[in-house]
Amino acid sequence: MIQLAVLDMAGTTVADDGLVISSFEVAATAAGIPADGPERDHARQYVLDTMGQSKIVVFRALCDTEDLAQRANAAFESAYAAAVDDGNARAVDGAAEAITRLRDAGVKVALTTGFSGTTQEKLLAALGWQSVADLVLAPGAGVRGRPYPDLILTALMRLGVDGVGDVAALGDTTSDVASALRAGCSIAAGTLTGAHGEQQLYDAGATHVVPTVSEFADLILDRQT
């Protein structure tokens, strides 16, 4: 029986619509990465490959100094938050209903992200999702972002779940899958509404790949009967 569903936000329950990449372009400029050429192309590809990871970790890999990484991360968060404030945030079709179905069936739901807690709060407010889940988590002190298992394991502990085998996780990136596998989830699923494709997700070790979060809810609820 699944007691906890851990769901990623951007690309999984929240439509991305290119906001991550457009915010990255602002961040890359702030970090001094040339607007055109191989350095920018490499950085853009790295961001695509590492979707789902904590953004400050990504910028540390791309920037020569901690100061530049922090500057890039601040610019990214500011650009993404501005896009949210401008009304560009929308839920993946059926996401809120899927979450409600899970909770109504007694499955706890945690929403996780690679964004900062401040940006996560803005996103939740824009969607009217402040109370849609049992718990929301972002990387922070003592909680590493993906591909580490910390977000999932923290959700398990805070929500009083019996064990890692009682947890199912869903995300749209290989980092999401890696995090779920490291945490020991019995379901480490990928969804096709975001950054990475079906083969990439299976190659990363996904136990299941579903079209959307709605089918993920079906997968869990079918197991409960």
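Residues numbered from 1 in each chain as written. Predicted model: local features only at pLDDT ≥ 70, side-chain atom pairs only at ≥ 80, totals over all residues. Heavy atoms only, no water.

## Description of the packing of helix 2 (residues 38-49) against helix 3 (residues 55-62)
Put simply, the rule is: The axes are straight lines fitted to the C-alpha atoms, using for helices just the contacting stretch, and the angles between their N-to-C directions are given from 0 to 180°. Every helix listed is a DSSP run of H or I at least four residues long, and every strand listed is a run of E at least two residues long, numbered separately from the N terminus. By definition in this entry, angles of less than 35 degrees are roughly parallel, angles greater than 145 are roughly antiparallel, angles of 65 to 115 are roughly perpendicular, and the rest are oblique. Two helices cross in a left-handed way if the nearer one is turned anticlockwise from the farther one by less than a right angle. They cross in a right-handed way if the turn is clockwise. Two residues form a contact once any of their heavy atoms are found within 4.5 Å. Amino acid classes used here: Ala, Val, Leu, Ile, Met, Phe, Trp, Tyr, Cys and Pro are nonpolar; Asp, Glu, Lys and Arg are charged; the rest, including Gly, are polar.
Direction vectors running N to C along helix 2 and helix 3 enclose 150°, while the axes themselves pass 11 Å from each other. Judged on the interaxial angle alone, helix 3 and helix 2 are roughly antiparallel. Crossing geometry of helix 2 relative to helix 3 is assigned as right-handed. Across the interface between the two elements, His-42, Ala-43, Tyr-46 and Val-47 of helix 2 pack against Val-58, Ala-61 and Leu-62 of helix 3. Of the residues that constitute the contact of helix 2 with helix 3, the class distribution is 6 nonpolar, 1 polar and no charged.

## Here we look at the nonpolar core
Filter applied, for reference: Grouping buried Ala, Val, Leu, Ile, Met, Phe, Trp, Tyr and Cys residues that are joined through side-chain atoms within 4.5 Å yields what is termed a nonpolar core. Categorising residues by exposure relies on relative accessible area from a 1.4 Å probe, with only protein chains included: less than 20% of the type maximum marks a residue as buried, more than 50% marks it as exposed, and the intermediate range marks it as partly exposed.
Ranked by size, the top nonpolar core spans 54 residues in total, and within it Leu-7, Leu-111, Trp-129 and Phe-216 carry the most contacts. The leading source of residues in this core is helix 4 (residues 66-85), at 7 residues. If we ignore the near neighbours within four places in the chain, the residues touching Leu-7 are Thr-13, Ile-99, Val-109, Ala-110, Leu-111, Thr-112, Leu-170, Val-213 and Phe-216. With 18 residues, the next largest nonpolar core counts Leu-4, Leu-135, Leu-151 and Val-161 among its residues.

## Describing the confidence of the model for the chain
Detailed conclusions should not be drawn from predicted coordinates in areas where pLDDT is low. Selection criterion: The predictor attaches a confidence to each residue, and that confidence, scored 0 to 100, is pLDDT.
Per-residue confidence for the chain gives a mean pLDDT of 92; residues scoring 70 or more make up 100%. Per-residue pLDDT, averaged within each element of the chain, yields its smallest value for helix 1 (residues 19-30) (87) and its largest for strand 6 (residues 208-210) (98).

## Some details on the environment of Ala-10
Structurally, Ala-10 can be placed in the loop between strand 1 (4-8) and helix 1. Along the backbone, Ala-10 and Thr-207 are 197 residues apart, and their C-alpha atoms lie at a distance of 21 Å.

## What to know about the environment of Val-6
Relative to the helices and strands, Val-6 resides in strand 1. Accessibility expressed as a relative area gives 3% for Val-6, which makes it buried. Taking the C-alpha atoms as reference, Val-6 lies 8.7 Å from Gly-171; in sequence the two are 165 residues apart. Each residue touching Val-6, except ones within four places of it in the same chain, is listed here: Ala-110, Thr-112, Ile-152, Ala-155, Val-167, Ala-168, Ala-169 and Leu-170.

## Looking at the packing of helix 3 against helix 4
The geometry of helix 3 relative to helix 4 is characterised by a closest axis approach of 8 Å and an angle of 135° between their N-to-C directions. As far as their axial angle goes, helix 4 and helix 3 are oblique. Between helix 3 and helix 4 the crossing geometry is right-handed. Facing helix 3, whose interface residues are Lys-55, Ile-56, Phe-59 and Arg-60, helix 4 presents Glu-66, Ala-69, Gln-70, Ala-72, Asn-73 and Phe-76. When its residues are assigned to classes, the contact of helix 3 with helix 4 shows 5 nonpolar, 2 polar and 3 charged.

## Side note on the sheet that holds strand 4 (residues 167-171)
Here is the rule: Paired strands are those between which DSSP finds at least two bridges.
Read across the sheet, 6 strands follow the order 3-2-1-4-5-6 without closing on themselves; strand pairing throughout is parallel. Because the sheet does not close on itself, it has two edges, and the strands there are strand 3 (135-137) and strand 6. Direction aside, the axes of adjacent strands within the sheet are offset by 20° on average. Alignment of strand 1 against strand 2 (residues 108-112), held across 5 bridges, turns out to be parallel. Bridged to Val-6 within strand 2 is Ala-110. The strands touched by helix 7 (residues 150-158) are strand 1, strand 2, strand 3 and strand 4; relative to strand 3, the strand with the most contacts, the crossing angle is about 150°.

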